[in-house]
Amino acid sequence: MEAVKQTTEFTPEMLAEVDRIIKLFPEGKQKSALLRVLHIAQAHYGWLDVPVMDYIARLLHIQPIEVYEVATFYSMYDTVPVGKVKLEVCRTGPCAIEGAEKIISYIENKLGIKDGETTADGIFTLKSVECLGACGYAPMLQCGEKYHEHLTEEKVDALIEAYRKNPKANYMGM
Amino acid sequence: MGRQLLLDKVNVAGINTYDVYRKEGGYRSVEKALKKMTPEEVLEEVKTSGLRGRGGAGFPTGMKWSFIAKPEGVPRFLLCNADESEPGTFKDRYLMEKIPHLLVEGMVTSSYALGANQGYIYIRGEYMYVLRILEKAIAEAYQNGWLGKNILGSGYDFDLAVTCGAGAYICGEETALIESLEGERGNPRIKPPFPAVKGLWQNPTVVNNVETIAAVVPIINDGGAEYAKIGIGRSTGTKLISASGNINKPGVFEIEMNITVEEFIYSDQYCGGIKNGKKLKACVPGGSSVPILPHYLVCKTAAGQDRLMSYESLADGGFATGSMLGSGGFVVYDEDQCIVRNTWNFTRFYHHESCGQCSPCREGTGWMEKVLHRLEYGHGKMEDIDLLWDIQRKIEGNTICPLGDAAAWPVAAAIRHFREEFEWHVNEPVRCLEKNYGLVAEKVFEPVTA
Ligand SMILES: Cc1cc2nc3c(=O)[nH]c(=O)nc-3n(C[C@H](O)[C@H](O)[C@H](O)COP(=O)(O)O)c2cc1C
Ligand code: SF4
Ligand code: FES
């Protein structure tokens, strides 16, 4: 899919939030804010490209490589483009025995993509992920900040319908 | 239901807000500790309580606190481990979402005992909405004078903030958590030095689980001796259990640790029995890292005694016939579940989550995943079972952090107790797949790409 990004700058609200987060740590320890700042960038831009990571390095007065190495270590960060709506389905043991695999195949068939792929219209990405701490409410998926639990095929249908209409509905944050 | 010390107020409307929490007696432990007790007295109460760490290892909390180094003029830190990524575990999320102020209160009281003036809650990145709940609770606590400078006029200062990870199980390991909090990759550190001496930014640091810190509140309110009366033996107090799998009532339960496993699984107060009238096949009582127990060792020990939901009883028999309470992630498997598949699934998890620093863990988890994949998908050989045994034995004890052991133990236990099922997979793989999953036969010979 096309990787369009007009700007790497943060909005004034985002910068204020970065400033607040940096102040949670002692003087000189602003690097501790990095993981949270990357989340802010990703929620806004959808994914993390090199210019945005370089911008974050400048914001935090660290080297670009320090940002890249963190962004590539943690599984929540996307350093390649993804769809507007990321469906992250838990595939780990407790969810697996409650039918996670069937849910994953169902979504694959419905959207015509495989695990890890993005639909041609750029709306949906499907990603199987490891335990999200909702094992008692399996099978489940996370979309943005929301947990969707006790999934059934009907629930998945409704979810996909709702997100198709309003892809940004999943972000409660910035 | 037994005594509830953490979740007793969970159903009170508005308990997630400051006003209701306070009206229901919240922050009394801070008042008591800061106004009437010295930090040493708070530590003594925690020691008397017998509280053991709820993060998985069960190390006595009072003892851990007493190890913290106190060099003059060097700041100390209390970190709350809210990374909660052990498969099967979801109790911390429940507690933080429902009663966020209980954790904030516990952080203040615990930090006072340690002489720490700054604390951080490190929460997994996927729990972002819970992070926002905690930040709101912290803001309310600041507004009402429970955080900040000179709390209750006691002269004690304490600041608290939340920060987060971004999808990495390894960041639950305490030194990886510290690295991550410093804005680094989550690579565990070689110990010693231990965090109690050199932790966050090389300062003395204590890392405790969410539930451990929350438990300090009732301990200070009612006294350590009262807390120690609950439970059995060295398993004092209450424990949150996350129950999942093929049961009628999955969810989070606060139990007294003297109840039997049988009661926990079958009583309507707890799991409500096995779903769909099926039979119990196996149980992982403490999160994916602990040994799986076959049905005949779940409710009884090898000696034929009732097994209890306690640290000691679940470990009775060692790894030969016992398991561990671990993080309290209690996963129940019915007769239709395939042990080989579950072991493969868990091993894939550990391979995915290995930080990659040590070769036995990095390579060994991937190798085990491959072997288990071929056993599960019908092209394994008999020798593969011994190969797996050999690999897991060579990982265990040979790595920087315990993730290596956590990956090895489930494989060892599955082979120890279910060897016949592994053999059956070599001889009759198609039948297992059809029976367990209704997967189409062509999937059986899917090429191994792991
Ligand atoms: C791979 C690995 C993952 C861990 N994950 C967690 C976790 O998610 N939460 C937790 O509290 N402890 C976790 N621990 C245990 C911590 O290292 C540490 O022992 C614990 O937070 C101490 O708290 P406690 O004494 O209150 O139990 C993990 C350990 C390892 C080796
Ligand atoms: S045991 Fe595994 S997770 Fe732990 S430090 Fe070594 S490679 Fe990393
Ligand atoms: S196994 Fe799926 S949320 Fe834990």
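Check the entry above for the structure.
The residue count restarts for each chain, going from 1 along the sequence in the order it is written. All chains are assigned letters beginning at A, and all ligands numbers beginning at 1, according to the order in which they are written. It should be noted that, the model being predicted, local features are given only for residues of pLDDT at least 70 and side-chain atom pairs only at 80 or more, the latter also being counted only at that level, while totals for whole chains, interfaces and linings use all residues. The side-chain figures draw on all heavy atoms in the structure; neither hydrogens nor water molecules are used.

Two aromatic rings, taken as a pair, are described by how far apart their centres are and by the angle between their planes. Stacked, tilted and edge-to-face are the three classes applied to pairs of Phe, Tyr and Trp rings, where Trp contributes its six-membered ring and a pair requires centres within 6.5 Å; stacked means planes under 30 degrees apart, edge-to-face means over 60, and tilted covers the rest. Going through the model one piece at a time under the given rule, you end up with 25 aromatic pairs over all chains. Ring centres of A:Phe25 and B:Trp201 lie 6.5 Å apart, and the angle between their planes is 85 degrees; on these two criteria the pair is classed as edge-to-face. Of this pair, A:Phe25 sits in the loop between helix 1 (12–22) and helix 2 (34–45) while B:Trp201 sits in the loop between helix 8 (174–181) and strand 4 (205–209), each in a different chain. Each member of the pair, A:Phe25 as well as B:Trp201, carries the same accessibility label: buried. Through a chain of ring-to-ring contacts, the aromatic side chains of A:Phe25, B:Phe77, B:Tyr120 and B:Trp201 assemble into a single cluster. Secondary structure is summarised from DSSP: a helix means a run of H or I of at least four residues, a strand means a run of E of at least two, and numbering begins at the N terminus for each. Only protein chains enter the calculation, and the probe is 1.4 Å; a residue is then buried if its accessible area is under 20% of its type maximum, exposed if over 50%, and partly exposed in between.

Now for the site of ligand 2. The cutoff for a nearby residue is simple: one of its non-hydrogen atoms must lie within 4 Å of the molecule or strand. The environment of ligand 2 is formed by 13 residues, the closest being B:Cys355, B:Cys358, B:Cys361, B:Thr399 and B:Cys401. Residue composition of the shell around ligand 2, by class: eight nonpolar, five polar and no charged. In this count, Pro and Cys sit with the nonpolar residues alongside Ala, Val, Leu, Ile, Met, Phe, Trp and Tyr, while Asp, Glu, Lys and Arg are called charged and the others, Gly among them, polar.

Moving on, we get to helix 6 (residues 100–111) of chain A. Residues and elements named next belong to chain A. The span expected for a helix works out to 1.5 Å for each residue beyond the first. An ideal rise of 1.5 Å per residue puts 16 Å on 12 residues; helix 6 measures up with 17 Å between its terminal C-alpha atoms. Within the span of helix 6, buried status applies to Ala100, Ile103, Ile104, Ile107, Glu108 and Leu111. Projected down its long axis, helix 6 carries its buried residues within an arc of 135 degrees, all on one side. Relative to its buried face, helix 6 has exposed residues pointing more than 90 degrees away, namely Lys102 and Asn109. For helix 6, the elements touching its buried residues are strand 1 (85–90), helix 5 (93–96), strand 2 (124–129), strand 3 (141–143) and helix 7 (153–165). Positive backbone phi, approximately 70 degrees, marks glycine 112, located one or two places after helix 6. Relevant arc is that of directions from the helix axis to the C-beta atoms, nothing else. Here, two residues are considered to be in contact whenever any of their heavy atoms come within 4.5 Å of each other.

Here the focus is the side chain of B:Arg76. Residues and elements named next belong to chain B. By secondary structure assignment, the location of arginine 76 is in the loop between helix 4 (61–66) and strand 1 (77–82). Here a polar contact means two N or O atoms within 3.5 Å. Within protein one must be a hydrogen donor candidate and the other an acceptor candidate, and residues neighboring in sequence count only if both atoms are side-chain atoms. Here leucine 114 takes part through its backbone oxygen, which lies 2.8 Å from a polar atom of the side chain of arginine 76. The contacts of arginine 76, once residues within four sequence positions are left out, are Ile68, Ala69, Lys70, Leu114, Gly115, Ala116, Asn117, Gln118 and Pro204.

Moving on, we get to a positive patch on the surface. Residues and elements named next belong to chain B. Within this analysis, patches are made of residues with over 30% relative accessible area and no salt bridge. Like charges are joined at 9 Å or less; nonpolar side chains (Val, Leu, Ile, Met, Phe, Trp, Tyr) at 5 Å or less. For every accessible area listed, the method is Shrake-Rupley and the probe measures 1.4 Å; residues are considered covered only by the protein chains on display. Salt bridges are identified by distance alone: a Lys or Arg side-chain nitrogen within 4 Å of an Asp or Glu carboxyl oxygen. When charges are counted, Lys and Arg are positive and Asp and Glu negative, with His and the chain ends excluded. Where a charge sits is defined by one atom per residue type, namely NZ (Lys), CZ (Arg), CG (Asp) or CD (Glu). The grouping of Arg28, Lys32, Lys35 and Lys36 at the surface amounts to a positive patch. With respect to the helices and strands, arginine 28 occurs in helix 2 (residues 28–36). In this structure arginine 28 comes out as partly exposed when scored by relative accessible area, which is 43%.

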